[in-house]
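# Chains, contacts and geometry: an overview
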Amino acid sequence: DQQVKQNSPSLSVQEGRISILNCDYTNSMFDYFLWYKKYPAEGPTFLISISSIKDKNEDGRFTVFLNKSAKHLSLHIVPSQPGDSAVYFCASHRDDKIIFGKGTRLHILP
Amino acid sequence: DSGVTQTPKHLITATGQRVTLRCSPRSGDLSVYWYQQSLDQGLQFLIQYYNGEERAKGNILERFSAQQFPDLHSELNLSSLELGDSALYFCASSVGDGTYTGELFFGEGSRLTVL
């Protein structure tokens, strides 16, 4: 029972352009949504989060949007840089349980 | 460096065997989480401990068990190993004091190969 779904296994974006990573969820009872970034041979690292009561949260080049009616969230990276090439995981948080999606591999092209 | 330490980094064993993975959380963190990442799978939540007590359980098999000790380090025990148990096992920690918003600090993982 996957509660958080990332339907795109991979995404390629030109350097300098906007990267948009998407995530859908099935259960509305979450406190926070989060995005994590993972490089090979490393553990995931926290990137940005959004409270379930907000629509948008911004941190530098990273913005997360939450559309509660569509049960959808997205991560925008502007402008995309070579170091952004990684696997991005969407996750939901409720009652100390954090459920992750399968991840989207982002390739930033030169 | 997240401050979370996992040992061993790599482990190769045979089917039917038992292994123990160890995790030391960040200094001051009371919560420890275990996740499994298999090929083409996301991070599957296994179990969470807070200050020595089990707090949340995910898709953890009965052959697997975990505990958190008084010094807050945690161990994940995997027994009667099967080929399908081959995966990367991550430990993560957080403060877990109620103000926490979902940010976890992950170790580098323990890669288990079952032959």
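Up top is the structure.
Residues numbered from 1 in each chain as written. Chains lettered and ligands numbered in written order. Predicted model: local features only at pLDDT ≥ 70, side-chain atom pairs only at ≥ 80, totals over all residues. Heavy atoms only, no water.

## A closer look at the sheet that holds strand β8 (residues 74–78) of chain B
Hydrogen bonding along the main chain pairs the strands of a sheet, whether they run parallel or antiparallel. Residues and elements named next belong to chain B. Short version of the rule: Two strands are said to pair when DSSP picks up at least two bridges between them. Secondary structure follows DSSP: runs of H or I at least 4 residues long count as helices, runs of E at least 2 residues long count as strands, and numbering of each begins at the N terminus. As a rule, the C-alpha atoms of each element are fitted with a line to give its axis, helices using only the stretch in contact, and angles between N-to-C directions run from 0 to 180 degrees.
With antiparallel pairing, 4 strands are arranged side by side in an open sheet as β1-β3-β8-β7. Either end of the sheet is taken by a strand with one partner, and the two such strands are β1 (5–7) and β7 (64–68). The sheet shows a mean angle of 15° between the axes of neighbouring strands, taken without regard to direction. Here 5 bridges tie β7 to β8, and the two strands are oriented antiparallel to one another.

## A look at the nonpolar core
Grouped burial of nonpolar side chains is what soluble globular proteins tend to show. Here is the rule we go by: Remark: nonpolar core denotes a set of buried residues (Ala, Val, Leu, Ile, Met, Phe, Trp, Tyr, Cys) joined through side-chain atoms within 4.5 Å. Partly exposed residues are those whose accessible area sits between 20% and 50% of the maximum for their type, while under 20% is buried and over 50% is exposed, using a 1.4 Å probe and protein chains only. The contact criterion used throughout is that any non-hydrogen atoms of two residues lie within 4.5 Å.
Counting 22 residues, the largest nonpolar core has W35, L73, L75 and Y88 of chain A as its most contacted members. Breaking this core down by element, the ones donating at least two residues are β3 (19–25), β4 (32–38), β5 (45–51), β7 (62–67), β8 (72–77), β9 (86–94) and β11 (104–109) of chain A. When sequence neighbours within four positions are dropped, the list of residues in contact with Y88 of chain A reads Q6, L21, W35, Y36, K37, L47, L75, I77, G103, T104 and L106 of chain A. Core analysis: the second largest hydrophobic core is formed by 20 residues, V4, W34, A66 and L112 of chain B among them.

## Side note on the interface of chain A and chain B
Many descriptions give the size of an interface as the accessible area lost when the pieces come together. Applied cut-off: Note on definitions: buried area is the accessible-area loss of two parts on being combined, 1.4 Å probe, summed for both. For salt bridges, the criterion is a side-chain nitrogen of Lys or Arg within 4 Å of an Asp or Glu carboxyl oxygen. The term polar contact refers here to a pair of N or O atoms within 3.5 Å; inside protein, the definition further demands a hydrogen-donor-capable atom paired with an acceptor-capable atom, and it admits residues adjacent in sequence only when both atoms are side-chain atoms. Note that Gly is not counted as nonpolar here; it falls among the polar residues with everything else outside the nonpolar set of Ala, Val, Leu, Ile, Met, Phe, Trp, Tyr, Cys and Pro and the charged set of Asp, Glu, Lys and Arg.
Listed per partner, the contact involves 17 residues of chain A and 21 residues of chain B. Summed over both sides, the interface between chain A and chain B buries roughly 1,700 Å², with carbon and sulfur atoms accounting for 59% of that surface. Linking chain A with chain B are 0 salt bridges. The interface formed by chain A and chain B contains 3 residue pairs in polar contact (both at pLDDT 80 or more). Of all the secondary-structure elements, those providing two or more residues to the side of chain A that touches chain B are β4, β9 and β10 (97–100) of chain A. When grouped by side-chain class, the residues that make up the side of chain A that touches chain B number 9 nonpolar, 3 polar and 5 charged.

## As for the packing of aromatic side chains
To keep things clear, this is the line we draw: Whether two aromatic rings pair depends on their centres lying within 6.5 Å, for rings of Phe, Tyr and Trp, where Trp uses its six-membered ring; planes under 30 degrees apart make the pair stacked, over 60 edge-to-face, and the rest tilted.
Inspection of every chain in the model, using the stated rule, returns 14 aromatic pairs over all chains. Taking the centre distance of 5.3 Å and the plane angle of 75° together, the rings of F30 of chain A and F33 of chain A count as edge-to-face. Given the relative accessible area of 2%, F33 of chain A is considered buried. When the ring of F89 of chain A is compared with that of F100 of chain A, the centres are 6.3 Å apart and the planes differ by 85°; the resulting orientation is edge-to-face. Residue F89 of chain A is located in strand β9, and its partner F100 of chain A is located in strand β10; the two are separated by 11 residues in the primary sequence. What makes F89 of chain A buried here is its relative accessible area of 1%. Since its relative accessible area comes to 3%, F100 of chain A is described here as buried. Three or more aromatic residues joined by ring pairs form one cluster here, namely Y36, F46, F89 and F100 of chain A together with Y33, Y35, F45, F90 and F106 of chain B.

## Thoughts on a nonpolar patch on the surface
Residue and element names in this part refer to chain A. Note the threshold: Within this analysis, patches are made of residues with over 30% relative accessible area and no salt bridge. Like charges are joined at 9 Å or less; nonpolar side chains (Val, Leu, Ile, Met, Phe, Trp, Tyr) at 5 Å or less. Per-residue and other accessible areas were derived by the Shrake-Rupley procedure at a 1.4 Å probe size, with only the shown protein chains allowed to occlude residues.
Nonpolar side chains collect at one region of the surface, where I18, I20 and V78 lie side by side and expose about 220 Å² of accessible area between them. Relative to the assigned elements, V78 resides in the loop between β8 and β9. For V78, a relative accessible area of 41% puts it in the partly exposed group.

## Some details on the state of the cysteines
Residues and elements named next belong to chain A. To keep it simple, the criterion reads: When the sulfur atoms of two cysteines come within 2.5 Å, that pair is taken as a disulfide.
Taken as a whole, this structure holds 2 disulfides over all chains when the rule is applied. Between the sulfur of C23 and that of C90 lies a disulfide, 1.9 Å long from S to S. Taking the sign of the S-S torsion, -65° for the link of C23 and C90, the bridge is left-handed. Residue C23 is found in strand β3, and its partner C90 is found in strand β9; the two are separated by 67 residues along the sequence.

## Considering the pairing of β7 of chain A
All names here are of chain A. Of the strand pairs in this sheet, strand β6 (residues 56–59) and β7 are connected by 4 bridges, and their pairing is antiparallel. For K56, the partnering residue across the bridge sits in β7 and is F65. Two successive antiparallel strands, β7 and β8, enclose a turn made up of 4 residues, where K71 displays a positive phi of approximately 55°.

## What to know about the pattern of salt bridges
Residue and element names in this part refer to chain A. Summed over the entire model, instances satisfying the criterion amount to 8 salt bridges over all chains. E58 is the salt-bridge partner of K56, the closest N and O atoms lying 4.0 Å from each other. Looking at K56, the relative accessible area reads 45%, which means it is partly exposed. Using a relative accessible area of 52% as the deciding quantity, one classes E58 as exposed. Taking the shortest distance from any N to any O, the salt bridge between R61 and D84 comes out at 2.8 Å. You can see R61 sitting in the loop between β6 and β7 and its partner D84 sitting in the loop between β8 and β9, a full 23 residues away along the chain. Using a relative accessible area of 21% as the deciding quantity, one classes R61 as partly exposed. Through salt bridges with shared partners, one network takes in K37, R61 and D84.

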